[in-house]
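Architecture and fold: a report
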Amino acid sequence: MTQTTAAAGSEADGRASAALARRAATIQVETDRPLGMIDRNIYGHFLEGNFFGNIQGGVFDAESPLSFQEPGVTQGLRRDVVEALRALGVPVCRWPGGNYASAYHWEDGIGPREKRPRRLELTWGGQDGSGREEDNQFGTDEFLTWCRLVGAEPYLNNSGRSVEEAVRWVEYTNHGGDTHYSRLRGENGHAEPYGVTYWGIGNEVYGAWQMGHRSAAQYASDAREHALFMRKVDPGLKLIGVGWNADRSGAWTRELLRQAGGLLDYVSIHLYGASQHLFTSPGGDDEFETTVAQSLYFERELADYANLVALEARRADVARPLALALDEWNIRHLEPPAWPGPQPGDDGGVAPRDLPSGASRDPRFEEGIVRRRMRVNRWSPRTAADSLFYAGVFHALQRLSGHAVPVAMANTVNLVNANGLLAVRPGGLVKSATYHVWDLFQNHTGPIALPVVTESPAVLRPVRQGATTDAEGQLLTRPGMVPYLDVAATLSEDRRTLRLSVINRHRTDAIDAQLVVNGLASGVPPRAGALAIGADVTDVLAANSISAPDSVALRDLGLVEVSEGRYAFPPHSLTLLSFPLAG
């Protein structure tokens, strides 16, 4: 998709931004030149062991009356979580991490639960109130059974530190013969192979924070050996190697593809956004504009890394098709580390705590904090503003579907609790604002991406470079034009329905747009089915809670008029228009 600007202005100088926004935009769609097929796995998810309620107190709670009580592998799985996710649909889910995977031994999590070892947890243990020990009550069989219940394809990520351990894990899950590990699987209640297709080889191995951190050359050699022997157990595996987009020299990716590119299917990339609204509001900047613009950073990083992978694959003579796996992504809500640590609140958000008031909420007024790295609040609920950021990332993923190295999988961090789609508490759960974004895209847009040219009012502003910081921990920005309208178009599988998803990033004003299909305004049907998120919200920081579960939700507007191809998109909203196509 190409986006151009018909008008530009600066918020800083206060010049008639509302008048700018009211100018008409033009959206041109071509239905006969598809960009590519959208892989459903871009709507995927992530669960991590011992991570802020992902597993214990999230998908698994042996003591909860809301969990399955029947003896067996399902005992302790939260039934309400399964039902909410089955209703949504979960294409693929990555487990056990993340950083947690680097020190994980899969055999700790199989067999009778009462006999499983309790281990000191070396990744997240003790951080911000998390437990220091892992009880391994939720292991391989529980995860794969949970995936079957919610309808997800499992994505198992091994540590990448031991070929032997990785090979035996594949043997346990996938081999149908009469070996020790296939018999052990049968003894644990699953005689038939699970048939796990997606396997990761390590996590962020380039980072000194990982157990098993090593150089590009060493990791590439190890990844090649892992891939070679894992495929000896099951030739049908799809393997994900650790990529590193932050290495601007490209050396990491070059070495990985030179040594192991012919054995991999995906190269991973991790991206995070950042919002500081927790301490800059109320009474200050709620960071709405900063939040919704960060999807532009994601799109540029993804496109640049896809180009790099394509280039290095050609140089290495890699004939195997490659794709990107954005297997960690989210937007982090940051806060000063001097504040009391956040804890989960009964209503689905953060429990009450004593915070500074007034100007002292801004870290610039707290001596020493401005030069310290902020803390991620893992219990902060997802907001209406966040929902537009997520939608922008999905637009980017759809637009990149036609790239030589498309994004063919994405896994948001996290699915349950820890800034996830579901906030789960002892008394119940709530679907966050982001749950409804996933619902709109994976269940209501089409699988065929179309080219779109959007001429939209825009604003020149600093675009935050996600959670990237300088040496002093300050978030980086880069000036850029931010179009108020962000548009993606898809076709249904039978090519009879055009779906147009439109984000209006303007805080206060609707934007009137002229729609053009295949060069003709008259080609736009006079009515469309409409779904919307955020159009009825007055507070851009609105979030759902157990007591108010529908503050930010997917609204069905029924049939709406699109007279002469024109439609006014409400402020701070995501709208999906569905048009039947003639013939």
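What counts and how
Sequence positions are assigned chain by chain, starting from 1 and proceeding in written order. Where local features are concerned, this predicted model is filtered to residues with pLDDT of at least 70; where side-chain atom pairs are given and counted, the filter is 80 or more; whole-chain, interface and lining totals use all residues. Values reported for side chains reflect all heavy atoms of the structure, with hydrogen atoms and water molecules removed beforehand. Numbered from the N terminus, helices here are DSSP runs of H or I no shorter than four residues, and strands are runs of E no shorter than two. For every residue, the accessible area (1.4 Å probe, protein chains only) is compared with the maximum for its type, and the residue is labelled buried under 20%, exposed over 50%, or partly exposed between those bounds. In the analysis that follows, any N or O atom pair within 3.5 Å is treated as a polar contact, provided that within protein one partner can donate a hydrogen and the other can accept it, and provided that, for residues neighboring in sequence, both atoms belong to side chains. Angles shown run from 0 to 180 degrees and are taken between the N-to-C directions of axes, each axis being a line fitted to C-alpha atoms and, for helices, limited to the stretch in contact. Roughly parallel means an angle under 35 degrees; roughly antiparallel, over 145; roughly perpendicular, 65 to 115; everything else is oblique. The handedness criterion is simple: a crossing whose near helix is rotated anticlockwise from the far helix by less than a right angle is left-handed, and one whose near helix is rotated clockwise is right-handed. The criterion used for residue contact is that any of the two residues' heavy atoms lie within 4.5 Å. In this count, Pro and Cys sit with the nonpolar residues alongside Ala, Val, Leu, Ile, Met, Phe, Trp and Tyr, while Asp, Glu, Lys and Arg are called charged and the others, Gly among them, polar. A pair of strands is treated as paired once DSSP finds two or more bridges between them. How sure the predictor is of each residue is captured by pLDDT, a score from 0 to 100. The path from the first strand over the helix to the second decides the hand: if it runs clockwise while the strands point away from the viewer, the crossover is right-handed.

The subject of this paragraph is the side chain of Asn 157. Take Asn 157: it is sitting in strand S8 (residues 153-158). Under the relative-accessibility criterion, Asn 157 is labelled buried at 1%. A polar side-chain atom of Asn 157 sits 3.5 Å from the main-chain carbonyl oxygen of Gly 202.

Looking now at the packing of helix H9 (residues 288-315) against helix H10 (residues 384-399). Where H9 meets H10, the axes come as close as 8 Å, and the angle between the chain directions of the two elements is 20°. Taken together, H9 and H10 sit at an angle that is classed as roughly parallel. Judged by the sense of rotation from one axis to the other, the crossing of H9 with H10 is right-handed. Every residue of H10 that contacts H9 at Phe 288, Thr 291, Val 292, Gln 294, Ser 295, Phe 298, Glu 299 and Leu 302 is listed here: Ala 385, Asp 386, Leu 388, Phe 389, Gly 392, Val 393, Ala 396, Leu 397 and Arg 399. Taken together, the residues of the contact of H9 with H10 break down into ten nonpolar, four polar and three charged.

Spatially, seven strands are ordered S3-S17-S20-S21-S26-S23-S24 in an open sheet, and the strand pairing comes out antiparallel. The open sheet terminates on both sides in strands that have one partner only, identified here as strand S3 (36-37) and strand S24 (555-561). As paired strands, S3 and strand S17 (residues 448-450) are joined by two bridges and run antiparallel to one another. Opposite Met 37, over in S17, you have Ile 448 as the bridge partner. The strands touched by helix H11 (residues 433-444) are strand S21 (497-504), strand S23 (527-533) and strand S26 (573-580); relative to S23, the strand with the most contacts, the crossing angle is about 150°.

What follows concerns the pairing of S26. Burial analysis of S26 places seven of its eight residues in the buried class, which makes it a mostly covered element. Bridge count for S21 against S26 is eight bridges, and the pairing is antiparallel. Its bridge partner lying in S26, Val 502 is registered against Thr 575. Strand direction decides the pairing type here: S23 and S26, joined by five bridges, are antiparallel. Residue Leu 531 lies in a different strand from S26, and its bridge partner there is Leu 576.

Right, let's get into the confidence of the model for the chain. Predicted confidence across the chain gives a mean pLDDT of 93, with 93% of residues reaching 70 or more. Taken together, the stretch residues 363-371 has pLDDT below 50 and engages in 21 contacts with residues farther than four places along the chain or on a different chain.

Turning next to helix H7 (residues 251-260). All of the buried residues in H7 are Trp 252, Thr 253, Glu 255, Leu 256, Leu 257 and Ala 260. Where H7 is buried, its residues meet helix H6 (216-233), strand S10 (238-241), strand S11 (266-275) and H9.

Of the strand pairs in this sheet, strand S9 (residues 198-201) and S10 are connected by three bridges, and their pairing is parallel. Residue pairing for S10: Trp 199 is matched across the bridge by Leu 239. Considered for its hand, the β-α-β crossover made up of S9, H6 and S10 is right-handed. Relative to S11, S10 is paired through two bridges, and the arrangement is parallel. Bridge assignment links Ile 240 to a residue of S11, and that residue is Tyr 266.

Let us look at the packing of H10 against H11. A pair of packed helices can be characterised by two numbers: the angle between their axes and the separation between those axes. As a packed pair, H10 and H11 sit with axes 9 Å apart at the nearest point and diverge in direction by 30°. As the angle between them shows, H10 and H11 are arranged roughly parallel. Crossing angle aside, the handedness with which H10 passes H11 is right-handed. Facing Ser 387, Tyr 390, Ala 391, Phe 394, His 395 and Gln 398 of H10, the residues of H11 in contact are Ala 433, Thr 434, Val 437, Trp 438 and Phe 441. Here the residues of the contact of H10 with H11 are counted per class, giving seven nonpolar, four polar and no charged.

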